[in-house]
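Structure at a glance
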Amino acid sequence: MSTNPSRGPGLSIRLDATWLHGILRADQIRRDTLVSLVATWTEDEAREDVVLQLDALAEAVTSPREGELDALIEAVEDAAAMDDAEVRIDLATALRLRAELDESINALGRFNPAAVARPALLAKLPQQDRRAS
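Note that the structure is predicted; figures quoted are calculated from it, not measured.

Within the protein chain, the secondary structure is distributed over 7 helices and 2 strands. Each of the 133 residues in the protein chain was classed as buried or not, and the buried ones make up 23%. Taking the intrachain contacts of the protein chain between residues at least 6 apart in sequence as the baseline, contacts between residues at least 24 apart amount to 46%. Element-wise, carbon and sulfur atoms account for 56% of the exposed surface of the protein chain, whose accessible area totals about 10300 Å².

Here is the structure:
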């Protein structure tokens, strides 16, 4: 475990120990995934399908082939009837995450400050994507 300075560590953005990568933490997604898996577990027929898919995934983890893990993970998600991995956030959380992300971006871009400037990034976006920003 690492130290996370966020006021909300369960949903946060921080730097790794080398300051070369940002780390997004979203505990709610893992929680929802496990609850969804266990909820399906109560149905005998569905449980058998989930176990079969998990066994196939376990086999593939030992020697994965290109694209195989993604397909098998999707099969487990389908068997367990899992929703998309999403977390709803309110304005206060969005502002906190933006501040954490801005801090991470500044540290990650310390050797390339020109790339950190938002106008420079915005100028590189295709015209149609600018409206979404």
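The subject of this paragraph is a negative patch on the surface. Taken together, the side chains of Asp70, Glu74, Glu77, Asp78, Asp83, Asp84 and Glu86 define an acidic patch exposed on the protein surface. Counting through the fold element by element, Glu74 comes out in helix α3 (residues 68-79).

Attention now goes to the pairing of strand β2 (residues 22-26). The sheet contact formed by strand β1 (residues 11-15) and β2 spans 5 bridges and is antiparallel. Bridging from a neighbouring strand, Arg14 pairs with Ile23 of β2. Connecting the antiparallel pair β1 and β2 is a turn made up of 6 residues, with Trp19 showing a positive phi of about 60 degrees.

What follows is about the pattern of salt bridges. Side chains that differ in charge, positive against negative, can pair when their charged atoms come close. All chains considered together, the criterion is met by 6 salt bridges. Asp32 serves as the salt-bridge partner of Arg31, at 3.7 Å between the closest nitrogen and oxygen. The exposure class assigned to Asp32 is partly exposed, which follows from its relative accessible area of 32%. For the salt bridge of Arg96 with Glu100, the shortest nitrogen-to-oxygen distance reads 2.9 Å. Remark: Glu100 and Arg96 occur in helix α4 (residues 91-108); sequence separation between them is 4 residues, near one turn of the helix. The same class applies to Arg96 and to Glu100, which are both buried.

Definitions and cut-offs
Residues numbered from 1 in each chain as written. Predicted model: local features only at pLDDT ≥ 70, side-chain atom pairs only at ≥ 80, totals over all residues. Heavy atoms only, no water. Helix = DSSP H or I, 4+ residues; strand = E, 2+ residues; numbered from the N terminus. Buried < 20%, exposed > 50% of the residue type's maximum accessible area, 1.4 Å probe, protein only. Contact = heavy atoms within 4.5 Å. Areas by Shrake-Rupley, 256 points an atom, 1.4 Å probe, with all protein chains shown as cover. Patch = residues over 30% accessible without salt bridge, like charges linked within 9 Å, V, L, I, M, F, W, Y side chains within 5 Å. Salt bridge = Lys/Arg side-chain N within 4 Å of Asp/Glu carboxyl O. Lys, Arg positive; Asp, Glu negative; His and termini not counted. Charge placed at Lys NZ, Arg CZ, Asp CG, Glu CD. Pairing = 2+ DSSP bridges.

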